[in-house]
Amino acid sequence: MEGRLNTSGIVSNSKTDPNKILPMRYMWARNHYKDGVANNWTPEEVSMQKDVEQWKDSFSLTQDERHMILWNMGFFATAESLTANNLVLAVYRHVTNPECRQYLLRQAYEEAVHTDTFIYCCDSLGLNPDEIYNMYTTIPSISAKDEFVINLTKSIFDPNFEIKDLKTLQAFLHDLIGYYVIMEGIFFYAGFAMMLALKRQNKMIGIGEQFEYIMRDESIHLAFGCDLINTIKKENPSVWTPEFQADVIELIKKAVKLEAQYAFDACPTGLLGISTQQFVNYVEYIADRRLERIDLPKVYLQENPFPWMSQATDLSKEKNFFESRVTEYRTAGSLEW
Ligand code: FE
Ligand code: MN
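None of the values given here were measured: they were computed from a predicted structure.

Asks: Got a sec to walk through the packing of helix α3 (residues 63-94) against helix α8 (residues 166-187)? Specific residues and values, please.
Replies: It is the contact of α3 with α8, at a shortest axis distance of 11 Å, that shows an interaxial angle of 155°. Overall, the two elements α3 and α8 adopt an arrangement that is roughly antiparallel. Our pair here, α3 against α8, has a crossing hand that is left-handed. Between α3, through F75, A79, L82, T83, N86, L87, A90, V91 and H94, and α8, the contact on the second element is made entirely by F172, D175, L176, Y179, Y180, M183, E184 and F187. Classifying every residue of the contact of α3 with α8 gives 12 nonpolar, three polar and two charged.

Asks: Explain the side chain of K145 to me, and be specific about the residues and the numbers.
Replies: Here K145 shows up in helix α6 (residues 140-152). If sequence neighbours within four positions are ignored, K145 has contacts with F75, F187, L258, E259 and Y262.

Asks: Help me get a handle on the pattern of salt bridges, residues and values and all.
Replies: A side chain of one charge can pair with a side chain of the opposite charge if their charged atoms are brought near each other. Evaluated as defined, the whole model comprises eight salt bridges. Across the pair R106 and E110 runs a salt bridge, and its minimum N-O distance is 2.7 Å. Of this pair, R106 and E110 are both found in helix α4 (residues 98-125), four residues apart, which corresponds to roughly one turn of the helix. Each of the two residues, R106 as well as E110, counts as buried. One salt bridge in this structure joins K145 and E259, with 2.6 Å as the shortest N-O distance.

Asks: Report on the coordination of the iron ion (ligand 1), specifying residues and quantitative values.
Replies: Distances from the iron ion (ligand 1) to its protein donors, E80 (OE), E111 (OE), H114 (ND1) and E218 (OE), fall within 1.9 to 2.2 Å. When the donors of the iron ion (ligand 1) are listed by position in the chain, the intervening gaps give E-x30-E-x2-H-x103-E. Between the iron ion (ligand 1) and the manganese ion (ligand 2), both coordinated by E111, there is a metal-metal distance of 3.1 Å. Taken together, the positions of H114 in helix α4 and E218 in helix α10 (residues 205-235) put the pair 104 residues apart, joining distant regions of the chain. Just as H114 is buried, E218 falls in that class too.

Asks: Describe the packing of aromatic side chains, listing the residues and the values that go with them.
Replies: For any pair of aromatic rings, geometry is given as the distance between the ring centres together with the angle between the planes. Following the criterion strictly, the structure yields 22 aromatic pairs and no others. Pairing F76 with F118 gives two aromatic rings, centres 6.0 Å apart and planes at 10°, and the pair type is stacked. Of this pair, F76 sits in helix α3 while F118 sits in helix α4, and the two are 42 residues apart along the sequence. Residue classification places F118 among the buried positions, given a relative accessible area of 1%. Connected via pairs of aromatic rings, a cluster forms that spans F75, F76, F118, F188, Y189, F192, F211 and Y262. When the ring centre of W240 is taken as origin, the NZ or CZ atom of K233, which lies over that ring, is 4.4 Å away.

Asks: Which residues make up unusual backbone geometry, and what values go with them?
Replies: Where the residue is not glycine, phi is negative for most of them; where a peptide bond is considered, it is trans in most cases. Following L22, the chain continues into P23 via a peptide bond in cis, with omega recorded as -5°. Positionally, P23 belongs in the segment before α1 (27-38). The phi angle at S12 is positive, at roughly 40°, despite the residue not being glycine. Mapped onto the elements, S12 comes out in the segment before α1.

Asks: Quick one: what's the story with the environment of E259, residue by residue and with numbers?
Replies: By the element assignment, E259 lies in helix α11 (residues 242-266). Overall, E259 belongs to the buried group, its relative accessible area being 0%. The contact partners of E259, leaving out residues within four places of it in the chain, are K145, I186, F187, F188, Y189, A190, G191 and V283. A polar atom in the side chain of E259 sits 3.1 Å from the backbone nitrogen of A190.

Conventions adopted
Residues numbered from 1 in each chain as written. Chains lettered and ligands numbered in written order. Predicted model: local features only at pLDDT ≥ 70, side-chain atom pairs only at ≥ 80, totals over all residues. Heavy atoms only, no water. Axes fitted to C-alpha atoms, helices over the stretch in contact; angles between N-to-C directions. Helix = DSSP H or I, 4+ residues; strand = E, 2+ residues; numbered from the N terminus. Parallel < 35°, antiparallel > 145°, perpendicular 65-115°, else oblique. Left-handed = near helix turned anticlockwise from the far one by under 90°. Contact = heavy atoms within 4.5 Å. Nonpolar A, V, L, I, M, F, W, Y, C, P; charged D, E, K, R; others polar. Salt bridge = Lys/Arg side-chain N within 4 Å of Asp/Glu carboxyl O. Buried < 20%, exposed > 50% of the residue type's maximum accessible area, 1.4 Å probe, protein only. Donors = N, O, S within 2.8 Å, 3.2 Å for Na, K, Ca; no water. Phe/Tyr/Trp six-rings, centres within 6.5 Å; stacked < 30°, edge-to-face > 60°. Lys NZ or Arg CZ within 6 Å of the ring centre and 35° of its normal. Polar contact = N/O pair within 3.5 Å; in protein donor to acceptor, adjacent residues only side chain to side chain.

See the structure below:
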């Protein structure tokens, strides 16, 4: 890797006054902030009454569906906190640009809302919190995903870590790719698809609606993360070496394998006419979208098996979608897609 670190860009910029947000330099960060605000919601706005009835009676849900719901509760309940901690303890310190920091504060708040959602679900369904919040250590397919991102980001958590050259900038990019692209962009998506497939059959519609809100937040987190990654690449072209690109592609392939493992574990027999392999194909389709978003070649060339998911996850449509549905977002009434 040749060259010196760009010290007048978006990260570790010693000339930036982090308290002076105007004039702005990176308008995309501002736009993501606005999109986040337009999607404001809280879990208590969504009624859980029908979910509670279905969860407590013995005929509404099959054993396999209950298993799938618990696995997703177990994964997301702790994944949201992992993401929030990484954001506040590792990412925020190094992203010195003020409009990006404003977005990061917004995202941190949204992660608190997501954490709250799983508290609300546990409370209303009467789930055993010890069981749910321990699943990230007791369920191998869940801990494998968490371990994977934690390992990618270890060096950043060292309190002495500073971005001082291209090598440390690469380590920082690893963290951003680990959390934004892999955790929020790939590891969340088998679960999103399963819970929304269930909702489409009128099962657990309260949780399903909360997952829709979370997924919309996450699609903005992902968009911000990719814009941040791409800006760092643009400002420091020499950091994006062919070796590093190959390394990132390998990481994403490994992540897709872990997500497939998780899908088969959470939903071994498929769900309401959808085979587990279709969930895996969906994850592959999503992974290609992530690769493209950071200018890497597609790997899977998979068709989208769930076009009904794309309304909420398709980043290119996101903008129009937000503009046309703003009133519904603000009032957070019933969500109809
Ligand atoms: Fe989240
Ligand atoms: Mn997030």
